[in-house]
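Residues per chain are reported as follows:
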Amino acid sequence: MTQNQRTAEKAQVAKAAAAAAPRRLTFWEQYRRKPQGVAGLLIVALYIAVAVFAPVVSKYDPMEDMYLADNIAVPIWLTKVNPRYRELPPTMQFNLGFDSWEVTAADGVEVTGWEFEDAEGISIDLPATEAPEPVEGEDGADTPPDSEDSGELFSIVSNVQWDPFGLVTSGQGTSRDEADEAVSLDFSFDYDYKKPQTFSASMGYHIDAPSDASTFIELDLVTPSGKAFDLWDTTAYGSVSNGSFIVDARDFDLKMRLGISFFDEPADVVFSERGTYTVRVKARSDSVSGPVNVRIEPVSFGVLGLAHGLLGTDHMGSDLWAQLVYGTRIALAIGLSAAFIAVFIGTSVGLIAGYLGGIVDEVLMGVVDVLLSIPTMPVLIVLGALFGKSVMNVVILLALFSWMGIARIVRSQTLSLKERTFVEAAKAAGGSSNYIMVSHILPNTMPLIFANLVLRIPSAILTEASLSFLGLGDPRVPTWGRMLQNARQFGAFTKMAWWWMLPPGIALTGLAVAFVFIGNSVNEILNPRYRERS
Amino acid sequence: MGFRSYLLKRLFYAVVVLFVILTFNYVLFRIMPGDPEKMILDPNFTPEAKMELRRQYGLDDPPLTQYLNYMKSLLTFDLGMSFSTRRLVWSELRERLPNTIVLFMVTFVGTAALGISLGVSSAANRGKFSEQLVMGAGLFAHAVPSFFIQLLLLLLFGYYWPILPIHGTISAPPPDGAWAQFLDRAWHLILPAGSNIVIGFGSWALYTRNTMLEALGQDYIVTARAKGLPRREILYHHSLRSVLPPIVTLIFMSLPGAVSGAVITESIFSWHGVGRYLLDATLQMDYPAAQGAFYLIALAVIISNLLADIAYGLVDPRIRVGAGAKR
Amino acid sequence: MALLEVKDLKMYYRTARGHVRAVDSVSFEIEQGKALGIAGESGCGKTSMASALLRLLPSNGSYHGGSVVMDGKELLTMSEEQFRKDIRWKRISMIFQGAMNALNPVHKVGEQIVEAILHHEDVSREQAVKRTHDLFGLVGINPKRFNEYPHEFSGGMKQRAVIAMALACHPDLIIADEPTTALDVMVQAQILKSIAELRQRLNLSMMLITHDLSVIAQTCDSVVIMYAGKVAEYGDVVDVYTRPAHPYAMGLVNSFPNIQAARTEVRSLPGFPPNLLAPPSGCRFHPRCPLADEECKQVEPAVREVGGNKHMVACHKAEIVQQGGDIWSR
Ligand SMILES: Nc1ncnc2c1ncn2[C@@H]1O[C@H](COP(=O)(O)OP(=O)(O)O)[C@@H](O)[C@H]1O
Ligand code: SF4
Ligand SMILES: [Mg+2]
């Protein structure tokens with residue numbers, strides 16, 4: 001029997017044996033069998049999808065869109081479920097252009113639309129009056145001719161008894177005779193909710209008139225029972241360009257104007273009824289020398305809701321669902337980048353220390369030991385405050401204080417790889433240290449590094465959340481930690497607004513759990529120490 | 001290497017860490033951003049206060065002198081004066097330190113005791129409920145943000161079901177009598193310490209379970225079984241005893257993290273302690289206070305580390321007795 | 001009557017991918033004062049069998065039949081408590097594979113022996129300590145080292161200490177599972193020599209597991225050759241070594257020409273040991289056997305006696321094998 005035959009036979013046997021032995025499963029085949037790992041991947045995929053499609057998932061932008069509703073509005077669906085929150089008003093915001101109004105005009109008055117930006121404003125042409133007679137009658141007191149400014153407080157108070165302490169009456173609407181108005185524009189809407197906390201109105205207007213003309217414009221809110229609340233009015237002499245006003249139920253002026261006490265809220269008084277409310281704009285003019293043209297920009301009128309969206313609003317009336325959705329982006333970005341940087345540093349240090357050994361090793365591992373025994377959170381607090389609260393800084397700081405564990409692991413792996421024949425061979429072939437580290441040792445530590453990378457992510461995410469929660473996060477980005485901080489600081493507790501606190505916490509937990517699942521599964525496959533125990 | 005040289009080495013190491021932290025502190029609070037004068041001298045200070053601070057910080061001395069003086073002052077707890085309260089930082093810290101230590105110790109002992117005993121029992125009864133519990137709690141500890149749990153507990157026990165005090169260390173005004181005060185303090189400790197234990201015991205339990213299982217798979221455990229030792233004996237005398245060194249390692253590995261957690265806990269439950277002081281001082285840019293608190297915390301960690309090192313040396317004969325032959 | 005009778009012993013491991021049939025219908029006997037060698041490739045189930053005898057199964061291992069009888073008493077059905085007290089270490093002790101780790105690093109070496117004595121015998125601590133000192137002397141360790149920890153011992157000394165520990169309760173049977181594998185060659189020889197001497201002196205029975213056939217030839221009376229969890233051949237050392245009846249045994253034995261010759265490792269036959277999760281059909285050896293035919297592939301060979309003297313073999317073609325001729329070099 002020749003040597004050749006024998007070798008051939010051996011090879012054949014070996015081949016047969018190899019064919020008979022079960023094929024080693026690929027990584028993915030093994031991974032697929034781990035329910036935890038698969039669940040983790042699916043969850044992460046979901047988060048990534050939400051992060052990528054955030055503008056689709058959420059109608060609002062968490063930072064731009066403020067005052068979408070009142071502060072700490074409850075989720076809309078909760079008003080259907082929980083009797084305590086039943087019939088809370090949603091936000092109603094009307095932008096009233098020409099088409100929205102029902103016009104009642106006196107003879108000779110012409111009301112048309114006019115282009116204003118994207119919408120259509122209202123243009124009112126008032127004919128000249130016959131004679132400059134002094135105004136008389138019921139509303140004569142409104143407009144003393146010497147009154148200069150339209151917003152003048154006392155121009156209106158005179159016929160209403162103001163009662164700041166609510167001693168006599170509170171919140172009397174004033175019915176007026178409308179006979180004199182040249183034009184009245186009405187817009188009606190239904191209000192069938194509990195009282196809101198606030199409402200607001202604003203409008204811009206322009207008047208082209210002869211200098212001796214006096215023009216009067218008024219905005220009223222008429223309740224279902226017919227009480228009219230004069231929210232704002234002005235008497236202008238001559239032309240006005242770019243006039244505007246904003247009325248807000250929280251403004252002190254309005255309380256005085258409506259004659260209610262310090263302690264009452266205009267919204268309580270005005271929206272004490274249910275049914276059809278009417279927003280009414282009135283205008284008239286006294287002008288002898290010529291016709292007057294009044295142009296009114298689309299009027300905006302709104303009630304800030306006490307119920308809003310999927311998750312309600314925060315203390316700034318910003319949409320919580322939007323914050324939650326956009327928070328996904330930040331969480332993923334911070335988690336991934338901090339983990340990557342940390343793993344990069346850790347791997348480099350571990351490789352160099354393990355491969356070069358000697359004094360380099362001692363020094364590097366000394367640094368690792370020292371850093372490991374420094375409590376991270378206080379350091380991050382101090383550094384975060386000193387270097388400014390930006391996402392970038394947070395990521396860098398997180399990475400700088402979390403690479404040590406990886407360095408240790410990579411170092412010990414490198415130490416054992418260094419002794420293997422293929423490394424010895426590469427050395428003998430004259431490979432440089434850098435070459436050997438990068439092309440021989442690094443690839444063999446990859447699985448380990450990968451598992452650690454995955455496990456690094458959740459802790460980076462959680463640490464960042466803690467920092468944000470402590471008020472050290474970037475104030476310009478919406479993060480889950482900051483949501484929780486706001487919830488704590490701005491009254492979620494006293495209002496028991498669990499819908500403000502639970503979602504970010506659950507989102508954080510879900511993401512962290514998913515990564516831990518993935519990391520553990522990967523570890524079980526790649527790290528034999530875990531495998532034996534299964 | 002004998003026990004003595006081991007101790008000396010650890011001591012040396014502790015001094016190095018202390019030195020690093022002092023230097024870090026120095027660099028951090030004066031050289032890094034901007035002008036040290038601006039940082040240290042609050043513009044609202046009276047000229048006398050400014051003079052005093054300049055003297056205290058020796059801002060006109062050469063840098064090396066400044067550094068040495070600074071070292072000396074920190075080592076003697078001369079930590080300067082707080083901007084916001086105008087009191088000596090050290091006296092403010094000294095007043096808070098006991099609170100922090102109490103919270104920390106209760107948390108630490110509770111977490112370790114619960115975690116280790118659960119870990120041991122789950123390693124001993126594989127596949128039973130305790131094992132599921134430990135695995136779940138371990139995952140919980142790794143993946144749930146601790147402050148979130150604390151917020152939930154706060155919401156639950158402070159608002160929905162207000163039976164527990166949710167802030168402070170003692171009622172105001174404090175009750176009369178030492179015993180009543182003690183009870184009142186314990187009462188206030190329940191939520192902060194309890195939440196910490198709930199959050200933390202899982203990782204201890206999981207770690208103990210894993211090292212126990214590893215130990216139980218060791219040859220010497222098989223030997224012990226073969227020798228016909230009873231189960232309890234094997235579990236406690238052989239397995240648990242032999243995993244004590246790694247558990248002690250865990251103690252000092254988890255110290256920095258526990259301190260980090262303490263800062264958050266103190267802030268959530270308005271605990272009158274050093275961690276919250278650090279946070280408040282930092283947020284208010286009260287540099288002397290922040291620096292002092294940071295120094296104190298770091299010092300505490302170094303000392304605890306040193307104690308853990310000694311404990312490690314005591315439980316591991318390889319260190320206590322030293323190596324007679326090659327391992 | 002034999003000291004220990006093992007009959008049809010089956011012990012499997014449960015794994016995620018099915019049962020590993022590590023010990024599958026194994027039968028043999030050990031006579032009082034005699035030594036039995038167990039040989040076979042790594043992974044063929046030697047250690048599994050040893051731990052099955054002492055009922056030291058890992059959590060995923062379980063018995064699937066068979067019996068182990070010692071002095072007429074069935075060991076497998078005995079209560080755990082009684083087995084622990086009366087059998088372990090008192091009747092059967094064990095020297096473990098990789099004895100380097102058989103000592104608990106956090107306890108003193110002497111104490112680990114004292115502990116074994118105190119748990120089984122009603123003696124005072126002083127007596128136990130004294131006996132431990134004697135045992136140290138017996139295996140050639142200075143009794144002064146009683147209070148040292150395992151890490152202060154060298155490898156050979158640890159192994160001696162483990163042997164001393166195995167002798168502590170005057171057992172009838174010592175199972176030695178590859179007692180010398182981790183040691184260097186010089187120390188191996190010393191240890192084996194002292195094991196053999198002690199056995200003679202104390203009239204101990206022994207089961208020696210090794211994959212070094214020459215060690216068995218030198219120290220044992222009979223031998224079991226295991227293949228893939230089964231007994232391939234079993235009999236007197238002289239019978240098996242001079243007239244092997246199983247192709248596997250023949251391959252092993254023929255690879256050293258002389259019983260007294262240099263040590264030879266088992267692993268020298270072509271092919272690989274089978275996967276015990278799904279062992280080959282018929283004769284488990286057939287994929288590697290030069291004599292294999294259809295029958296071998298289909299029918300599992302029964303264990304039968306060839307040529308008297310309790311020379312047992314599991315092969316359809318035992319007679320052809322015994323006719324001689326080098327079946328392996330065709
Ligand atoms: N706890 C276990 N679980 C599953 N399989 C095991 C276990 N222990 C050993 N095995 C398998 O059982 C077979 C026999 O192992 P072992 O008895 O250690 O062989 P040997 O001692 O002859 O080398 C091997 O294939 C091994 O992989
Ligand atoms: S039974 Fe057949 S295959 Fe098995 S050993 Fe004998 S000859 Fe070979
Ligand atoms: Mg073995």
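This text follows the structure it describes.
Residues numbered from 1 in each chain as written. Chains lettered and ligands numbered in written order. Predicted model: local features only at pLDDT ≥ 70, side-chain atom pairs only at ≥ 80, totals over all residues. Heavy atoms only, no water.

Asks: In this structure, what is going on with the packing of aromatic side chains? I would like to understand it.
Replies: We describe a pair of aromatic rings using the distance from one ring centre to the other and the angle between the two ring planes. Residues and elements named next belong to chain A. Evaluation of the coordinates by the stated rule reveals 36 aromatic pairs over all chains. With a centroid separation of 5.5 Å and an interplanar angle of 85°, the aromatic rings of Y85 and W499 are classed as edge-to-face. Here Y85 is found in the loop between α5 (76-81) and β1 (92-96), whereas its partner W499 is found in helix α17 (residues 498-526), with 414 residues between them in sequence. Exposure class is identical for Y85 and W499. Each is buried. Between W498 and W499 the ring centres are 5.7 Å apart and the planes differ by 75°, which places this aromatic pair in the edge-to-face class. When the ring centre of F216 is taken as reference, the NZ or CZ atom of R284 above it lies at 4.2 Å. For the cation-ring pair, R295 lies above W114, with the distance from its terminal atom to the ring centre recorded as 5.4 Å. (Phe/Tyr/Trp six-rings, centres within 6.5 Å; stacked < 30°, edge-to-face > 60°. Helix = DSSP H or I, 4+ residues; strand = E, 2+ residues; numbered from the N terminus. Buried < 20%, exposed > 50% of the residue type's maximum accessible area, 1.4 Å probe, protein only. Lys NZ or Arg CZ within 6 Å of the ring centre and 35° of its normal.)

Asks: Explanation requested: a nonpolar patch on the surface in the structure shown.
Replies: Residues and elements named next belong to chain A. Taken together, the side chains of I352, L356, I359, V360, V363 and V367 define a hydrophobic patch exposed on the protein surface, amounting to about 480 Å² of accessible area. Elements with a minimum of two residues in the nonpolar patch: α9 (320-356) and α10 (358-372). In terms of residue count, α10 provides more of the nonpolar patch than any other element does, 4 residues in total. Relative to the elements of secondary structure, I352 occurs in helix α9. I352 gets classed as partly exposed once you look at its relative accessible area, which sits at 33%. (Patch = residues over 30% accessible without salt bridge, like charges linked within 9 Å, V, L, I, M, F, W, Y side chains within 5 Å. Areas by Shrake-Rupley, 256 points an atom, 1.4 Å probe, with all protein chains shown as cover. Salt bridge = Lys/Arg side-chain N within 4 Å of Asp/Glu carboxyl O.)

Asks: Just checking my understanding: could you explain the pairing of strand β6 (residues 199-208) of chain A for this structure?
Replies: Looking along a regular strand, one sees the side chains alternate between the two faces of the sheet. Residue and element names in this part refer to chain A. Among the 10 residues of β6, 7 are classified as buried, and the element is accordingly described as predominantly covered. Taken together, the 4 bridges between β6 and strand β12 (residues 299-303) define a ladder with antiparallel strand orientation. In the strand pairing of β12, S202 is matched with S300. Sheet topology places β6 next to strand β9 (residues 240-248); 7 bridges connect them, and they run antiparallel. By the bridge assignment for β9, M203 is matched with F245. Bridge count between β6 and strand β11 (residues 292-296): 4 bridges; the pairing is antiparallel. Across the sheet, residue I207 finds its bridge partner in β11, namely V294. (Pairing = 2+ DSSP bridges.)

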